[in-house]
Amino acid sequence: MESAELLEKPEKVSTDHFLLKILLKGREPVPGQFINIRIGRETDPLLRRPFSVFDWSDNRASIIIRIAGRGTSLLSELSPGPIDVIGPFGKGFTLAENKDVLLVGGGVGNAPLFFLARMLKERKCRITYVYGHRSKGHMFLTDVYRDLCHEFIPVTDDGSEGTRGYAGDIAGGIKRPGDYSHVYACGPHEMMKKTALAFSMKSRVEVSIERYFGCGTGLCSGCTIECADGLKRVCKDGPVFPGDNILWDRMV
Amino acid sequence: MAGLVDLSVKIGSLVIKNPVTAASGTAGYGEDLAGFTGLSRFGAIFTKGLSLEPRRGNRGNRILETPSGMLNSIGLENVGLKKFIDEKLPFLLKDGAVVIPNIAGHSEEENVELSRILSCTEGVSAIELNVSCPNVKEGGIAFGTDLKIFTSLLEKTRKAASCPLIVKLSPNVTDISLFAVRAGEIGADAVSAVNTFLGMKIDIKSRKPHFINKVAGLSGPAIRPLAVRAVFKIYEKVNIPIIGIGGIASLEDMIEFLMAGSSAVSIGTMNLVDPWCAEKLIDGLEKYMAEEKFGKISDITGLAHGM
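Draft legend 1. Looking closely at the overall build of chain B. Of the regular secondary structure elements, chain B holds 9 helices and 16 strands. Taken against the 2.2 N^0.38 rule, which gives 19 Å for 307 residues, the C-alpha radius of gyration of chain B at 18 Å falls within 12% of a compact globule. Summarising its shape, the C-alpha atoms of chain B cover approximately 55 × 45 × 40 Å along the three principal directions. Considering chain B as a whole, with its 307 residues, one finds that 63% of them fall into the buried category.

Draft legend 2. View of a nonpolar patch on the surface. A contiguous nonpolar patch, built from B:Met200, B:Ile202 and B:Ile204 and spanning about 330 Å² of accessible area, is present on the exposed surface. One can find B:Met200 in strand 11 (residues 197-200).

Draft legend 3. Geometry of the nonpolar core. Core analysis: the largest hydrophobic core is formed by 96 residues, its most contacted members being B:Phe84, B:Val167, B:Leu169, B:Ile234, B:Met254, B:Leu285 and B:Met289. The biggest single contributor to this core is helix 9 (residues 277-292) of chain B, with 7 residues. Ignoring any residue separated from it by four or fewer positions in sequence, one finds B:Val167 in contact with B:Leu129, B:Val131, B:Phe150, B:Leu154, B:Ala183, B:Ala188, B:Ala190, B:Val191 and B:Ser192. Counting 33 residues, the second-largest nonpolar core is a separate cluster that includes A:Ala167, A:Ala185, A:Phe199 and A:Ile209.

Draft legend 4. Spotlight on helix 6 (residues 224-235) of chain B. Residue and element names in this part refer to chain B. When the terminal C-alpha atoms of helix 6 are compared, their 16 Å separation across 12 residues agrees well with the 16 Å that a helix rising 1.5 Å per residue should span. Within helix 6 the residues assigned to the buried category are Arg224, Ala227, Val228, Ala230, Val231, Lys233 and Ile234. Contacts made by the buried residues of helix 6 are with helix 5 (176-186), strand 10 (190-193), strand 15 (242-245) and helix 7 (251-260).

Draft legend 5. Spatial organisation of the sheet that holds strand 14 (residues 204-208) of chain A. Residue and element names in this part refer to chain A. Here we have 7 strands laid out as an open sheet, ordered 12-11-10-9-13-14-17, and mixed in their pairing. Looking at which strands have only one partner, the edges of the open sheet turn out to be strand 12 (163-164) and strand 17 (240-242). Strand direction decides the pairing type here: strand 9 (residues 100-106) and strand 10 (residues 126-133), joined by 7 bridges, are parallel. From the neighbouring strand, Gly106 faces strand 10, where its bridge partner is Gly132. Its contacts with the sheet put helix 2 (residues 110-122) on strand 9, strand 10 and strand 13 (182-186), and the angle it makes with strand 9 is roughly 165°. Contacts from helix 4 (residues 167-174) reach strand 9, strand 10, strand 11 (151-156) and strand 12, with the element oriented near 155° to strand 9.

Cut-off values and rules
In this convention, every chain numbers its residues from 1, walking through the sequence in written order. Ligands are numbered from 1 and chains lettered from A, in the order in which they are written. A pLDDT threshold of at least 70 governs which residues receive local features in this predicted model, and a stricter bar of 80 or more applies before side-chain atom pairs are shown or counted, although totals over entire chains, interfaces and linings include all residues. Water and hydrogen atoms were dropped before computing side-chain values, which therefore reflect all heavy atoms in the structure. What counts as a helix is a DSSP run of H or I of at least four residues, what counts as a strand is a run of E of at least two, and both are numbered from the N terminus. The globule rule used for comparison is 2.2 Å times the number of residues to the exponent 0.38, while the radius of gyration itself is calculated over C-alpha atoms. We call a residue buried when its accessible area falls under 20% of the maximum for its residue type, exposed when it is over 50%, and partly exposed in between, using a 1.4 Å probe and counting protein chains only. Two joining distances apply to patches: 9 Å for like charges and 5 Å for nonpolar side chains (Val, Leu, Ile, Met, Phe, Trp, Tyr), and every residue must have over 30% relative accessible area and no salt bridge. Each accessible area is a Shrake-Rupley result for a 1.4 Å probe, and residues are judged covered by the shown protein chains and nothing else. By definition, a salt bridge exists where a carboxyl oxygen of Asp or Glu is found within 4 Å of a side-chain nitrogen of Lys or Arg. To qualify as a nonpolar core, a set must consist of buried Ala, Val, Leu, Ile, Met, Phe, Trp, Tyr and Cys residues joined through side-chain atoms within 4.5 Å. Here, residues are in contact when the closest pair of their heavy atoms is within 4.5 Å. Each helix should span, by expectation, one fewer than its residue count multiplied by 1.5 Å. Strands were regarded as paired on the criterion that DSSP finds at least two bridges between them. A fitted line through C-alpha atoms represents every axis, and for helices the fit uses only the stretch in contact; the resulting angles, taken between N-to-C directions, go from 0 to 180 degrees.

What follows is the structure, encoded as structure tokens:
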């Protein structure tokens, strides 16, 4: 086991979402990569849980977890101290430089886009960000996102904050495909599919795919998806893929 | 401590240097495991179930965690024989692995053909016949649950295979020892026991099975007592080595399997959780044997059966 340490008690940042700060000495990730956490030493919960990196600085990785079941619930209650973390793993986003870029995030899928936005800002990109979530109460840390962006567009399913609707529809509807050299998306299947279809003709689209992982290390073939150029393991060949390579309708 | 104990195990004409192997389907083709544990450390690597042509595997959900276990419905996704021989096998051998391909054809003819070709491929130490995959429609589990079909397949495979032959048994039968005995009679060099148990998950929101194939294979610590019992029962009836598999997660678990009658073990689901698991077990076993004054693995195998 590689050493890692949970630095503080998980902090609740919105309804169902917690921020965890983990010391991961010398294991610098790139935006879009994930770390893989074993929740206890026993066999229940058994499998590791993958989380994309929300931010990284000074040997510290931050992640945002959404309470989805027993494993994530236990994680949100952890006390500071040693934690079994492997990674970072996977293929991350390509970083554009000095370009107009569009980021489209849905739900907890906004998490990796923060790290990405910060790196893109350092590379002098002008960022338009469509931040979608279920409601105002579910949105996390919007102020820190807003600070990085040239234009920040909040979207909620119920209209409790920003525009009412879905991030994929809003992005595809109000933005012209030719406006951006790069489009990055992470969120629900439909959101990423709509974004990829709307922008792939004129922009380089990259999407971060979420699948149920058995291992996160490429061993089990549990997260295989069908791409235009063959079968790919999301954990190893992704989670970031070119949007025009995904066969959306084959992903059930 | 090294030198005091002999960890080697004999499977037919094959001698593996220690009894800890990686179970088929949890080690891919070695490439990804090699990043954690050197492949040469394992007694052997059982590679992902192979068919003649590449297989896409099952669509929809493939994995689900259960209490101390995991359901899988991968459906034997694999690269096919040609790519295995051309690309995967050379990597495994370069990293010093003892390679035992798992054969999972969908017909008797396909299994025979795979056995024939692989058993005379340089670098293949033995083959494991998969008669027990629960996740494919044709063949698969029927080969392992119908004694007549099992016998016919095994007789033909034995004739075709010129290397040690291991048969991976299905636990989804009333008496697994009948299949083990038959394997021994036909000339199999060892049996692997056990493959996954059939299980199901119903999604109460959609009111439908979670997996498109409906059933899935249950593995992990959840099945350990069931697997130990299967090994114990087989050991009473056969003389060929048993490779014990079923939720091994610790040194104690492994020793339990050896005492039940295993000559070697496979680490499966725990590779997915802790890719260093096998390495720790090998080191731990050597220490344990020295402390308990066991000189060789056969001193432990079957100890629980008493006099």
